[in-house]
Amino acid sequence: MFRDAGLIAGKDLRVELRSQVTTQQVAPFAILVLILFGVALDPDRGILTRASSGLFWVAVLFCSLLAIQRAFTIEAADGGRDALRLSGLDPAGIFLGKAAAIFVQLAALEVVLAVGVVVMYGTEVTGVPLLLATCLAATAGLASAGTLYGVLAAGLRVRETLLPILLLPVLAPVLIGATKGFEAALGGVAADGWPWCGLLVTFALLYTTFGTLAFGPLLEES
Amino acid sequence: MTTPSTSSSATRALGGLTLAGLALLLGYALVWSPPDIAQKDSVRLMYVHVPTAILAFTACAITTLASAMWLRRRSEGWWVLGGAAAEVGIVFTAICLLTGSIWGRPTWGTYWDWDPRITSTTLLFILLVGYLALRRIDNEAGDAAQRGIRGAIVGLLLLPNVMIVHYSVDWWRSLHQTATITRLDPTIEGTMLFTLMLGIAVFGLLFTWLLVHRFRVGWLEERVGATGLDQALLERRAEADVVMTAGGRA
């Protein structure tokens, strides 16, 4: 299962490296979202600095929608989904591989966004261990739930519009937990942030478990 | 031949009982129960708001259970029940949000407050919207045998998601406001408590009545889908027969 996961993750990441869609389209979009927040919320009143945790994670959430759509669009061309089904790879492995590839891309985007937030919003970085733990746990949750709902919507005519309405309410706990974790690390008491990290880890574990179980039948009909 | 209908003597009795119950509830809620000392007459919204909230969450539980059973048994009854519960549930969620908002205006001075229950109920509403949108696609896909498991997976995750969202939102808001406004006075008693219980019972009847009818409509829709295909096959065969006979004559 883990060997299959490695194969799929390697394949997806190679596709992204060669097509450069994440670097040339999604990453600029992430920065654009940060600029738009800056334009919408008056940059002189310190709202951006105070709200930077929430704005950061909303931007990540938007980017994750793009990354998830993309992860299943690359299978749509040239009968990729049929090839995947016929490959004999363990469906659980395919799920973990896809989720891992999304995880890596989102982690890279988060680095870009973090630099953007520090530079443009003037956020001071403190409580690095909690920040990193929150990022890892939240990204794992986004990737696992995203992969599950991504394959659900894949292959449907209305997938672009259906995925956000299905996925975003489900991800609301991740947004809450990650924002609270960041707020605790950046200005509050770090000890307040760790329970939220626990929530994020639980969410990620739940969706990873359910995803490995349900992905096979879902892939069959996507 | 009888007129096709989704009612039976049992549902007619249930409907009659619901109507009588609603009339009784109106009497108790608007006339016989006293106004609250603090909230005055606006407390009467509680007799609609609380029962609809309970039933909205019940509907989610039914949808999740029906989805699990459908995944196990693949009998279309469970499929239809999951959708019927979600549809009735979305109506009750909407009523709950609407009455809560109307109630919030005189009590809190605002239509919307970032109260954990309002936030999580609104997210519940959107989760139901998403589930029903996906079901529509599954229903278009054809008859029960070809139906995918997408809708059932989302239905299965409905209650867990509602619970995760509910608890995380609860936890999130409890950090901000240590003393949340308690809408339901714990020392509620007498006529008010009876009216609330009556409200829960009557809305429970209404919910069941709507659910049974929606289930039957859903069941008939499934039958139309199944017979529609047979009908089309018969028509095509009849066309072929006509062509054959015409050809024979020529």
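Up top you'll find the structure we're talking about.
Bear in mind that the values here come from a model prediction, so they are computed numbers and not experimental data.

I tried to follow the packing of aromatic side chains on my own but got confused; where do I start?
Each pair of aromatic rings is reported with the distance of its centres and the angle of its planes. Counting across every chain of the model gives 14 aromatic pairs over all chains. Measuring from ring centre to ring centre gives 5.3 Å for W57 of chain A and F182 of chain A, while their planes differ by 70°; the resulting arrangement is edge-to-face. With W57 of chain A in helix α4 (residues 52–76) and F182 of chain A in helix α8 (residues 159–186), the pair connects residues that are 125 residues apart, well separated along the chain. In this structure, W57 of chain A and F182 of chain A share a single accessibility class: buried. Centre to centre, the rings of F92 of chain B and F203 of chain B are 6.5 Å apart; their planes meet at 85°, and the pair counts as edge-to-face. Taken together, the residues F92 of chain B in helix α3 (residues 76–108) and F203 of chain B in helix α6 (residues 190–249) connect sequence positions 111 residues apart. Each member of the aromatic cluster is reached from another via a ring pair, and the members are F56, W57 and F182 of chain A.

Can you help me understand helix α1 (residues 2–19) of chain A in this one?
Residue and element names in this part refer to chain A. Its 18 residues give α1 an end-to-end C-alpha distance of 25 Å, which sits within 8% of 26 Å, the value for a rise of 1.5 Å per residue. All of the buried residues in α1 are D4, A5, I8, A9, D12 and E16. Axial view of α1: buried residues confined to an arc of 130°, hence all on one face. Relative to its buried face, α1 has exposed residues pointing more than 90 degrees away, namely R3, L17 and R18. As for α1, its buried residues are in contact with α2 (21–40), α4, α5 (80–86) and α6 (91–121).

Which parts of the structure should I look at to understand empty space enclosed by the protein?
In this approach the atoms are scanned with a rolling probe the size of a water molecule, which exposes any empty space left behind. On inspection of all chains with the given rule, the structure shows 3 cavities of 30 Å³ or more. If you add up the space inside the largest cavity, you get close to 50 Å³. Residue lining of the largest cavity: Y149, I165, L166 and V170 of chain A together with L127, G130, V154, L157, L158 and N161 of chain B, and that is the complete set. Counting residues per element, the ones that place at least two in the lining of the largest cavity are α8 of chain A together with α4 (116–140) and α5 (150–174) of chain B.

Rules and cut-offs
- Residues numbered from 1 in each chain as written.
- Chains lettered and ligands numbered in written order.
- Predicted model: local features only at pLDDT ≥ 70, side-chain atom pairs only at ≥ 80, totals over all residues.
- Heavy atoms only, no water.
- Phe/Tyr/Trp six-rings, centres within 6.5 Å; stacked < 30°, edge-to-face > 60°.
- Helix = DSSP H or I, 4+ residues; strand = E, 2+ residues; numbered from the N terminus.
- Buried < 20%, exposed > 50% of the residue type's maximum accessible area, 1.4 Å probe, protein only.
- Expected span 1.5 Å × (residues − 1).
- Arc of directions from axis to C-beta.
- Contact = heavy atoms within 4.5 Å.
- 1 Å grid on protein atoms, 1.4 Å probe; cavity = no way out; pocket = protein on both sides within 12 Å on 5 of 7 lines; lining within 4 Å.
- Points joined across faces, edges and corners; volume = space filled by probe spheres on them.

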